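Architecture and fold: a report
Here's the letter readout for the chains.
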Amino acid sequence: MPCLPIPTSNAPTLVSDMAASQHPPQTLAQKLVAKAAGKQQVAPGEIVTCKVDLAMFHDSSGPRRLAPMLERLGATVWDRDRIVLITDHYVPAYDDDSRKILQITRDWAKANRIRNFYDGEGICHVVLPQKGHLKPGLFAVGGDSHSPTGGAFGAYMFGVGATEMLGVVVTGEIWLRVPETIRMHWDGRLGAGVTAKDMMLFLCGKFGMDGGRYQAVEYAGSAVTHLSMQERMTLTNMTAELGAQTGLIAPDAVTRAFLEAAGARDVDTASWHTDADAAVDEHHVFDASALAPQVAAPHSPANARDVSDYNEAIDTAYIGACTGAKLDDLRAAAMVLRGKRIATGTQLLVAPASKQDQAAAEAEGVMKVLVDAGARVLPNACGVCAGYSEERFGENLRVISSTARNFQGRMGAASSQVYLASPYTVAASALTGRITDPRSVL
Amino acid sequence: MSGAVGRVWKFGDNLDTDVLAPGQYMKFGIDEIARHCLESVRPDFAATVKSGDVIVGGRNFGVGSSREQAPQALKHLGVAAVIAVSYSGLFYRNALNLGLVVVVCQDAQRINEGDQVRVDPEKGIINVAGALMQLACEPIPAFLMAMVRDGGLVPHLEKRLKGKAA
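The structure presented is a predicted model; accordingly, all values stated were derived computationally and were not measured. (Residues numbered from 1 in each chain as written. Chains lettered and ligands numbered in written order. Predicted model: local features only at pLDDT ≥ 70, side-chain atom pairs only at ≥ 80, totals over all residues. Heavy atoms only, no water.)

Structural notes on the domain arrangement of chain A
All names here are of chain A.
- With domains assigned, chain A is organised as domain 1 (47–177), domain 2 (180–290) and domain 3 (301–440).
- Centre-to-centre, using C-alpha coordinates, domain 1 lies 28 Å away from domain 3.
- Contact with domain 1, which involves 17 residues of that partner, is made by 18 residues of domain 3.
- Where domain 1 abuts domain 3, roughly 1600 Å² becomes buried across the two surfaces, and 61% of that area is made up of carbon and sulfur atoms.
- A per-residue breakdown of the area domain 1 buries against domain 3 is headed by Tyr94, Ile123 and Gln130, which together make up 34% of the total.
- Joining domain 1 to domain 3, the criterion identifies 0 salt bridges.
- Where domain 1 meets domain 3, there are 7 residue pairs in polar contact (both at pLDDT 80 or more).
- For the side of domain 1 that touches domain 3, the residue count by class is 7 nonpolar, 8 polar and 2 charged. (Domains from an automatic or database assignment. Contact = heavy atoms within 4.5 Å. Buried area = accessible area lost by both parts, 1.4 Å probe. Salt bridge = Lys/Arg side-chain N within 4 Å of Asp/Glu carboxyl O. Polar contact = N/O pair within 3.5 Å; in protein donor to acceptor, adjacent residues only side chain to side chain. Nonpolar A, V, L, I, M, F, W, Y, C, P; charged D, E, K, R; others polar.)

Following this line, the structure appears as structure tokens:
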């Protein structure tokens, strides 16, 4: 496979870039797929059928799509206890159509006696691990493109469409082409005011939205192991924007502590890592300490550049989504805004990713800091990010957002201009009314 | 499964799911979603596309969301096949699961808007403008073609479940 080019001079240093040769040792991705396929080992490119340990879906991709297909087939769910159903796209309902979608979801959960049903608790990718459903070694699918988030816990998790999910719900199986592994190795430590979000925007800028080639991206190195669990989730979450099938991080003590606190049992962190001499298809090394905050210009995450390249005026700052409004993201925004007010003529919208994160942020005083600074708090749901909710960005609005995708028209009017950045940078920009390097105001 | 001849609608790189199936219409059924398919980039598309027409795209076709209404809207409007340099993995799987032929062709951009093309996804051949130009595409693997030929995963499963019952 081709090596990728050396980065430009304003980028963190790429120390080595190589295509390794084949060896019998296995990557983390191979080990996870092999277990699910019931094999000792698998090779990249091989097509295998995997048994699914967990299937998660939400109100948009779930029952309203699955129920008519199940009925047509006269089939039932293969294992109701392996299903996790979460409402987040049409929460809160705002008209008859969205009310109906939520009602279908609730009725289906009841009729199928789905025990793992979380209604209005927050965004599925954040709620799933918070309720203790993920752990290393699992093979899981989600009815949403940001499902690679689960890979932060050493599980193989990827997104599928509703029809493919129907196949899983009926058979408990799914086919897969065993992925190659693209390793993103980050040495050093992130500087103050620089986050996992900046790492991912940087990678999107460098490799593009198809750089992941629908393979597995594995994040490693001291900068990754020093990240909190929620920051790691931001890495694997935005693997979707890199176009990989999944993103993975080898589990460790940080993973164990998070999962045990969430009620998961039998957390095995020892077995799930890439063997030292396993063949990876691409190996890229970066220096995290050299990374500046990143901002992606409209209308693609791949338009990421250093924050110093920007000085645009903004009228809206949005902190939301699975990728950008977890407790750690809210804390980051509060660090910038403590004791301050946002600029006149600027609005700050905050949609905490889950009820649990919002409650923790309230207990810590983080929500009070944000509200005192002028934030308007929105429900714990996908909100403006998905473009499904009542709240949408208006004509010609200039927005800086901690979300994952700034496709033209996704979050509102086609004329709105959405810049992507970390919660630090979004908060700093709300403070000044212009795209601002958070390190200048921290 | 060599299709009939269809007229080409040509698009560039990174044509995303949110353009194919806009978020604000996702709460509706496929009739309404399809009516707005591609409207932000080609306002006349949904009203004028004809059954059997073919979409040609560039790199990373269908990037974005897992929403399968993106390929479903194309199929609903009668699109017979998509030819692109590469696909988002999610879109590719969704399309085949819904019975929409999607083929990978490195030379897709040599096909022009309005060309008449015929796609043979099993042999991996695209005939352009009669047989004036023939392009190679990656054949769809046989086990997936079996599903596409049945019309997608649901009819395919239906057949399998009926087979078991019989």
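Focus on unusual backbone geometry
- Put simply, A:Val91 and A:Pro92 share a cis peptide bond, and its omega is -10°.
- Examined against the element boundaries, A:Pro92 turns out to sit in the loop between strand S4 (83–87) and helix H3 (96–111).
- With an omega of 0°, the peptide bond between A:Pro298 and A:His299 qualifies as cis.
- Structurally, A:His299 is set in the loop between strand S13 (294–296) and strand S14 (304–306).
- Positive phi outside glycine occurs at B:Leu38, with the angle close to 65°.
- In this fold, B:Leu38 is placed in the loop between helix H2 (30–35) and helix H3 (45–48).
- Overall, B:Leu38 belongs to the buried group, its relative accessible area being 0%. (Helix = DSSP H or I, 4+ residues; strand = E, 2+ residues; numbered from the N terminus. Buried < 20%, exposed > 50% of the residue type's maximum accessible area, 1.4 Å probe, protein only.)

A word on the interface of chain A and chain B
- Tallying the contact residues gives 39 residues for chain A and 33 residues for chain B.
- Surface buried jointly by chain A and chain B totals about 3200 Å² across both partners, of which 54% is contributed by carbon and sulfur atoms.
- Inspection of the chain A/chain B interface yields 6 salt bridges.
- A salt bridge links B:Glu68 to A:Arg65; its shortest N-O distance comes to 2.8 Å.
- Here chain A is connected to chain B by 21 residue pairs in polar contact (both at pLDDT 80 or more).
- Listing elements by their share of the side of chain A that touches chain B, those giving two or more residues are helix H2 (63–73), H3, helix H5 (162–171) and strand S8 (173–177) of chain A.
- Looking at which element gives the most residues to the side of chain A that touches chain B, the answer is H5(A), with 6 residues.
- Residues of the side of chain A that touches chain B, tallied by class, amount to 18 nonpolar, 10 polar and 11 charged.

Quick look at the packing of aromatic side chains
Residue and element names in this part refer to chain A.
- Taken as a whole and assessed by the stated rule, the structure comprises 19 aromatic pairs over all chains.
- Look at Tyr318 and Phe393: their rings are 5.9 Å apart centre to centre, the planes differ by 80°, and that puts the pair in the edge-to-face class. With Tyr318 in strand S15 (residues 316–319) and Phe393 in the loop between strand S17 (375–377) and strand S18 (398–401), this residue pair connects regions lying 75 residues apart in the sequence.
- Classification of Phe393 by relative accessible area gives buried; the value is 4%.
- Members of the aromatic cluster, connected to one another through ring pairs, are Trp186, Phe202, Phe207 and Phe286.
- Above the ring of Phe207, the side-chain terminus of Lys206 is found at 5.1 Å from the ring centroid. (Phe/Tyr/Trp six-rings, centres within 6.5 Å; stacked < 30°, edge-to-face > 60°. Lys NZ or Arg CZ within 6 Å of the ring centre and 35° of its normal.)

Some thoughts on the pairing of strand S3 (residues 54–58) of chain A
Residues and elements named next belong to chain A.
- With 5 of 5 residues buried, S3 lies mostly within the body of the structure.
- On S3, burial covers both faces: Leu54, Met56 and His58 on one face and Ala55 and Phe57 on the other are all buried.
- As paired strands, S3 and strand S6 (residues 139–142) are joined by 3 bridges and run parallel to one another. What sits directly across from Met56, in S6, is Gly142.
- As judged from the 4 bridges shared by S3 and S4, these two strands associate in the parallel manner. Pairing of Phe57 across the sheet is with Leu85, part of S4.
- In this view, the connection linking S3 to its parallel neighbour S4 by way of H2 has right-handed handedness. (Pairing = 2+ DSSP bridges. Right-handed = clockwise from strand over helix to strand, strands pointing away.)

A closer look at helix H8 (residues 229–237) of chain A
- With 9 of 9 residues buried, H8(A) lies mostly within the body of the structure.
- All of the buried residues along H8(A) are A:Met229, A:Gln230, A:Glu231, A:Arg232, A:Met233, A:Thr234, A:Leu235, A:Thr236 and A:Asn237.

Comments concerning the sheet that holds strand S7 (residues 133–136) of chain B
Residue and element names in this part refer to chain B.
- Taken in spatial order, the 7 strands line up as S4-S3-S2-S1-S5-S6-S7 in an open sheet, and their pairing is mixed. The outermost strands of the open sheet, each flanked by one partner alone, are strand S4 (101–104) and S7. Averaged over all adjacent pairs, the angle separating strand axes in this sheet is 30°, with direction ignored.
- Relative to strand S5 (residues 116–120), strand S1 (residues 6–10) runs antiparallel, the two being bridged by 2 bridges. (Axes fitted to C-alpha atoms, helices over the stretch in contact; angles between N-to-C directions.)

Structural notes on the packing of helix H4 (residues 69–76) of chain B against helix H5 (residues 89–97) of chain B
Residues and elements named next belong to chain B.
- For the pair H4 and H5, interaxial distance at closest approach is 8 Å and the crossing angle is 45°. With respect to each other, H4 and H5 are oriented oblique. By crossing handedness, the relation of H4 to H5 is classed as right-handed. From H4, Ala70, Pro71 and Leu74 reach across to H5, where they touch Phe91, Asn94 and Ala95.
- The residue makeup of the contact of H4 with H5, split by class, is 5 nonpolar, 1 polar and no charged. (Parallel < 35°, antiparallel > 145°, perpendicular 65-115°, else oblique. Left-handed = near helix turned anticlockwise from the far one by under 90°.)

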